[in-house]
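# Per-entry structural report
Listed here are the chains, written in short residue letters.
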Amino acid sequence: MAKAYDRVSWKYLVNVIRKFGFSERIIDMIVRVISNNWYSVLLNGQTFGFFQSSRGLKQGDLLSPTQFIIAAEVLARNLNKLFEDGEFKGFGLPKWSPQINHLSYADDMILFCSGQPNSIRKMMNVLRRYETISGQMINLDKNYCYLHDKVPAAVGNRIKRITGVRQAMKPPTGELFVKFSGKMLRGPGRSTGTSTSSLWSAFMWNKYCKKHHPVIAIGWGASHVWRKMIVVREEVEHNIWWQIRAGTSSFWFDNWTRMGALYYIENGQNSEEEVEVHEFTIEGRWDEQKLNTILSTEMVEYIIESTKPPSTNSQHDQPWWMANTQGDFTVKSAWKILRRKHESRADFGFIWTKGLPFKINFFLWRMWKGRIPTDDNLKRMKI
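Residues numbered from 1 in each chain as written. Predicted model: local features only at pLDDT ≥ 70, side-chain atom pairs only at ≥ 80, totals over all residues. Heavy atoms only, no water.

With that out of the way, let us pick up the pairing of strand 4 (residues 108-111). As paired strands, strand 3 (residues 102-105) and strand 4 are joined by 4 bridges and run antiparallel to one another. Each bridged residue has a counterpart across the sheet, and for Leu103 the counterpart in strand 4 is Ile110. (Pairing = 2+ DSSP bridges. Helix = DSSP H or I, 4+ residues; strand = E, 2+ residues; numbered from the N terminus.)

This is the structure we're talking about:
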C-alpha cells in the first residue's frame, strides 16, 4: 500500500469499528484521537501554514497499528470470501491443505491465485473495491508477480495486462518468506490442548500430525520449533483433561479419564487406530462388553464408575487445563510445572531480582553465561 497510514479514511474506519461491535463511547474516543491532527510545512528551516488533516492515522501512536489492522480486516475477509465463488480458482495446493489466497503482515501482503484470467479479475476487483471504500491505494511500482519458470511468456504478459503488475525474475524466498512465515503463521496447536482453527496450527497439524495423533507424532528431521514442542509435550500433555460431552475425544490418545492417555496406560494394545470415545457407548451408556475386549478390568470399572457417558445432544468435548482452577492454558502455569522438575538455585536469585529493570537482569544473565560479545567470547564462538 502507498502511504498506508496516511491514506486511511476516517469515515471508513469508524464504520468498520462500529460493525465490529464497539460501543459508541469507544468510537467517540477513537474519533477524537485520530481527528485532532494539525500540521505545518517546514520549508528552509521555517514553518508555514497550520492546517488540519482530513484522513490518515498518526505515525507512532500506540493505537494506530490496531486501528490499521481492523481497517485491513475488511480486505482479508473479502479475499477469503472468494472461495465461496464457484468460478474462482485459487492457488494449487494439496487437498489436505487449508485454503489460502493471501498472507499479510501490516501493510505488506502476498496474494496467491491461479493463472486463470477470470480468477485474477475477481481478485483485482476485491482490491479495487477496497481502494475505493478505504482510501488506500496499491503501489504498483513496489509490487511484483512471481510465476513458475515453465509458465509461458504469453501467460505472464496477460497477467500483467490484467493487474498492471510487472513480473519478477526470482521467487519470494529468503527474508521475505521468513517475514511472513515467522510473523504471520502463529497460534496455538492442538498438542497444547486447543484447536486447529488458526492458520499456524493448521500448518503444523498438516505437516507433522496428518498420519499420527499429536500425542505420538515424532520429530525426526523436523524443525527446531516442533522438536521443542515434542519435549514440552511429554511434560504437560497429561495435564489436559478432555471433558466428555459428545464423546468426540480420541479414545486412545486424549486424557479423558483424568488418568492420562489410555495409549500409555493400557499400552494401546499395539494399536494406533484413531477411534472416538462415543464409539464405546450403546444407547447412552457404556458398552461394557466392548470396553472389556481392549482394556483391563480395573480400567473398565474405573471408567464406568467415574466417567459419565457421552450425550448425543451435547457439543464437542472441551479441553480443561488442570494446572489452574480456571481451566485455561497459560504459559505461566505450564512453566511452573516444568520448573518443579529442577531444584531452585541460589545464583539465579541474585541475577533475576525483583525491582531491577529487566534489561539489567538480562545483562547479568548474559554475563553469567559468558554471552557478552567481548573479543575473547567472539573468538571462542568463532564469530
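Glancing now at helix 7 (residues 199-208). Since the α-helix turns once every 3.6 residues, residues separated by three or four places project in the same direction. Residues Trp200, Ser201, Ala202, Met204, Asn206 and Tyr208 constitute the buried set of helix 7. Buried residues in helix 7 make contact with helix 8 (224-236). (Buried < 20%, exposed > 50% of the residue type's maximum accessible area, 1.4 Å probe, protein only. Contact = heavy atoms within 4.5 Å.)

Considering the arrangement of structural elements, one finds Asn255 in the loop between strand 7 (240-243) and helix 9 (262-265). Classification of Asn255 by relative accessible area gives buried; the value is 3%. Ignoring anything within four residues of it in the chain, the contact list for Asn255 reads His238, Ile240, Trp241, Trp242, Gly260, Ala261 and Met322.

Before going further, it helps to examine the packing of aromatic side chains. Scanning all chains against the criterion turns up 16 aromatic pairs. Seen from their ring centres, Trp321 and Phe329 are 4.9 Å apart, and the 80° between their planes marks the pair as edge-to-face. A residue is classified by how much of its surface remains accessible, and Trp321, at 2% relative accessible area, is buried. Through pairs of rings, three or more aromatic residues link up here, namely Phe251, Trp252, Trp256, Phe280 and Trp286. When the ring centre of Trp241 is taken as origin, the NZ or CZ atom of Arg258, which lies over that ring, is 4.2 Å away. (Phe/Tyr/Trp six-rings, centres within 6.5 Å; stacked < 30°, edge-to-face > 60°. Lys NZ or Arg CZ within 6 Å of the ring centre and 35° of its normal.)

On the surface, a cluster of positive charge is contributed by Lys332, Lys336, Arg339 and Lys354. Position of Arg339 relative to the elements: it lies in helix 12 (residues 331-339). When its relative accessible area of 49% is taken as the criterion, Arg339 is described as partly exposed. (Patch = residues over 30% accessible without salt bridge, like charges linked within 9 Å, V, L, I, M, F, W, Y side chains within 5 Å. Areas by Shrake-Rupley, 256 points an atom, 1.4 Å probe, with all protein chains shown as cover. Salt bridge = Lys/Arg side-chain N within 4 Å of Asp/Glu carboxyl O. Lys, Arg positive; Asp, Glu negative; His and termini not counted. Charge placed at Lys NZ, Arg CZ, Asp CG, Glu CD.)

We now examine the packing of helix 1 (residues 10-19) against helix 3 (residues 64-80). Between helix 1 and helix 3, whose axes approach to 9 Å, the crossing angle comes to 80°. The orientation of helix 1 relative to helix 3 falls into the category roughly perpendicular. Contacts between helix 1 and helix 3 involve Tyr12, Leu13, Val16 and Ile17 from the former and Gln67, Ile70, Ala71 and Val74 from the latter. Grouping the amino acids of the contact of helix 1 with helix 3 by side-chain chemistry returns 7 nonpolar, 1 polar and no charged. (Axes fitted to C-alpha atoms, helices over the stretch in contact; angles between N-to-C directions. Parallel < 35°, antiparallel > 145°, perpendicular 65-115°, else oblique. Nonpolar A, V, L, I, M, F, W, Y, C, P; charged D, E, K, R; others polar.)

All right, on to helix 8 then. For helix 8, with 13 residues, the first-to-last C-alpha span of 19 Å sits near the 18 Å given by 1.5 Å per residue. Within helix 8, the full set of buried residues consists of Trp226, Met229, Ile230, Arg233 and Val236. In a view along the axis of helix 8, the buried residues occupy a sector of 145°, so they form one face of it. Exposed residues pointing more than 90 degrees away from the buried face of helix 8 are listed as His224 and Val231. In this structure, the buried residues of helix 8 make contact with helix 7, strand 7, strand 10 (318-321) and helix 12. (Expected span 1.5 Å × (residues − 1). Arc of directions from axis to C-beta.)

Before going further, it helps to examine the state of the cysteines. Under the definition given, this model contains 0 disulfides. A disulfide-free cysteine, Cys113 has its sulfur positioned 9.7 Å from the sulfur of Cys145, the nearest such atom. (Disulfide = S-S within 2.5 Å.)

With that settled, consider the nonpolar core. Core analysis: the biggest nonpolar cluster contains 31 residues, and Leu13 and Leu57 have the highest contact counts within it. Mapped by element, the contributors of at least two residues to this core are helix 1, helix 2 (24-35), helix 3, helix 4 (117-134) and helix 5 (153-163). Excluding residues that lie within four positions of it along the chain, Leu57 makes contacts with Tyr5, Asp6, Val8, Leu13, Ile34, Ser64, Gln67 and Phe68. The next biggest cluster of nonpolar side chains, apart from the first, holds 25 residues, and it includes Phe253, Phe280, Ile294 and Ala334. (Core = buried A, V, L, I, M, F, W, Y, C linked by side-chain atoms within 4.5 Å.)

There is a patch of like negative charges on the surface, built from Glu288, Glu298, Glu301 and Glu305. Sort the elements by how many residues they give to the negative patch and helix 11 (residues 297-306) lands first, with 3 residues. Relative to the elements of secondary structure, Glu301 occurs in helix 11. Note on Glu301: relative accessible area 45%, which makes it partly exposed.

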